[in-house]
Amino acid sequence: FAAEPLTTQLRLTAAQRPFLTYLMLHGHCRPGFGYLAHRKIGGLLAAAGRSPLADDVARFTAAATDLDYSGHVIKRAAERVVVRLLIQTGRPLGALTPADVEELTAAFRSCAEAKGNASSWANDRGLVAAAHRVLFHLGVLPRPPADPRRRPGLGGHYSGVAEPLRGLLLGYCAQAAATRAPATLKAIA
């Protein structure tokens, strides 16, 4: 199954998917991040709690709870990111790497682009960042995630704007900064 093209994998019927889920959770099938990003797997988190992945999922959710993530974010990050990482890599939580997270992130981005669904990419990107942050606090990953919303200064807001308009916008913001609060200036930008 893992060697099949994604289009073939996605043709699996609803009656076949529960058995595939069982195989994945018990280490018998690693279908690839492409399949795992494209497919919503009903009951995955509950099934993971009854599988060999249960201890790692519990460790992740306990750490996320300690970091004050909401129950909804914890559940979604565990199901959408962590369980998929554990399935595909076949390694325990403590052995995950930044490359694993990057590969899953690329699969989510590719999936959203293929479906033309920017909001699903924004949602998945947020869940990956939350999971990455928890994995960093657990000591699994060496660095926290970059904030995907952060832009380097005012120039970052206009990085895609051509000159001379870019210069005019930056000049206006510089002038506005003399009399306005930083939050107001950010809103203007």
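Before any of the text, the structure's been laid out above.
The following refers to the structure shown. (Residues numbered from 1 in each chain as written. Predicted model: local features only at pLDDT ≥ 70, side-chain atom pairs only at ≥ 80, totals over all residues. Heavy atoms only, no water.)

Some remarks on the pattern of salt bridges
Note the threshold: Salt bridge criterion: a side-chain nitrogen from Lys or Arg within 4 Å of a carboxyl oxygen from Asp or Glu. To qualify as a helix, a DSSP run of H or I must reach at least 4 residues; to qualify as a strand, a run of E must reach at least 2; elements of each kind are numbered from the N terminus. For every residue, the accessible area (1.4 Å probe, protein chains only) is compared with the maximum for its type, and the residue is labelled buried under 20%, exposed over 50%, or partly exposed between those bounds.
Considering all chains together, one arrives at four salt bridges under this definition. As a salt-bridge pair, E79 and R76 come within 3.2 Å of each other at their nearest N and O atoms. Taken together, the residues span about one helical turn, with E79 and R76 both in helix α6 (residues 71-89) at a distance of three residues. Residue classification places E79 among the buried positions, given a relative accessible area of 12%. For R76, a relative accessible area of 25% corresponds to the partly exposed category. In this structure, R91 engages D100 in a salt bridge whose closest nitrogen and oxygen atoms are separated by 2.1 Å.

Some points on unusual backbone geometry
Across the junction of E163 and P164, the peptide omega takes the value 5 degrees, indicating a cis bond. Position of P164 relative to the elements: it lies in the loop between α9 (153-157) and α10 (165-176). A positive phi is found at D68, a non-glycine position, where the angle reads about 70 degrees. Here D68 is to be found in the loop between α5 (54-66) and α6.

Observations regarding the layout of surface pockets
Convention followed: Throughout, the protein atoms alone are placed on a 1 Å grid, and a set of points is a cavity if a 1.4 Å probe fits but cannot get out or a pocket if it is open with protein on both sides within 12 Å along at least five of seven lines; lining residues have an atom within 4 Å of a point. Grid points are joined across faces, edges and corners, and a volume is the space filled by probe spheres set on the points.
Computed from the structure, the largest pocket encloses a volume of approximately 340 Å³. Elements with a contribution of two residues or more to the lining of the largest pocket: α7 (98-115) and α8 (118-137).

Here we look at the packing of aromatic side chains
Using the following cut-off: Ring pairs are drawn from Phe, Tyr and Trp, using the six-membered ring of Trp, whenever the two centres fall within 6.5 Å, and their geometry is named by plane angle: stacked under 30 degrees, edge-to-face over 60, tilted for the rest.
Going through the model one piece at a time under the given rule, you end up with one aromatic pair. Here F1 and Y35 contribute two aromatic rings whose centre-to-centre distance is 5.5 Å and whose plane-to-plane angle is 85 degrees, an arrangement assigned as edge-to-face. With a gap of 34 residues between them, F1 in the segment before α1 (6-9) and Y35 in helix α3 (residues 33-38) connect regions that are remote in the sequence. Residue F1 is classed as partly exposed on the basis of its relative accessible area of 35%.

Thoughts on the packing of α6 against α7
This is how the line gets drawn: Under this scheme, a helix contributes an axis fitted over its contacting stretch, all axes are lines through C-alpha atoms, and angles between N-to-C directions fall in the 0 to 180 degree range. By definition in this entry, angles of less than 35 degrees are roughly parallel, angles greater than 145 are roughly antiparallel, angles of 65 to 115 are roughly perpendicular, and the rest are oblique. By the definition used in this description, the sense in which the near helix is turned from the far one sets the handedness, with an anticlockwise turn below a right angle giving left-handed and a clockwise turn giving right-handed. Contacts are assigned to residue pairs that have any heavy atoms within 4.5 Å of one another. Each residue gets one of three labels, nonpolar for Ala, Val, Leu, Ile, Met, Phe, Trp, Tyr, Cys and Pro, charged for Asp, Glu, Lys and Arg, and polar for the others, Gly among them.
Where α6 contacts α7, the axes come no closer than 10 Å and their chain directions differ by 115 degrees. On the basis of their axis angle, the class for α6 and α7 is roughly perpendicular. Along this stretch, α6 crosses α7, giving a crossing that reads as right-handed. Taken together, the residues of α7 that come into contact with α6 (itself represented by R80, V81, R84, L85 and T89) are D100, V101, L104 and F108. Broken down by class, the residue content of the contact of α6 with α7 amounts to five nonpolar, one polar and three charged.

Quick look at helix α2 (residues 17-25)
Where we set the bar: Taken from the helix axis, the directions to the C-beta atoms give the arc we talk about.
Burial in α2 covers these residues: L20, T21, M24 and L25. Buried residues along α2 cover an arc of 130 degrees about the axis, so they all sit on one side. Looking at the buried positions of α2, the neighbouring elements they touch are α3, α4 (44-48) and α6. One or two steps after α2, the chain reaches G27, where phi turns positive at roughly 80 degrees.

Some remarks on empty space enclosed by the protein
Tallying each qualifying case throughout the model produces one cavity of 30 Å³ or more. If you add up the space inside the largest cavity, you get close to 30 Å³. Taken together, F60, A64, Y69, V73, I74, A77, A130, A131 and V134 form the lining of the largest cavity. For the lining of the largest cavity, the secondary-structure elements that each account for two or more residues are α5, α6 and α8. Taken together, the residues that form the lining of the largest cavity break down as nine nonpolar, no polar and no charged.

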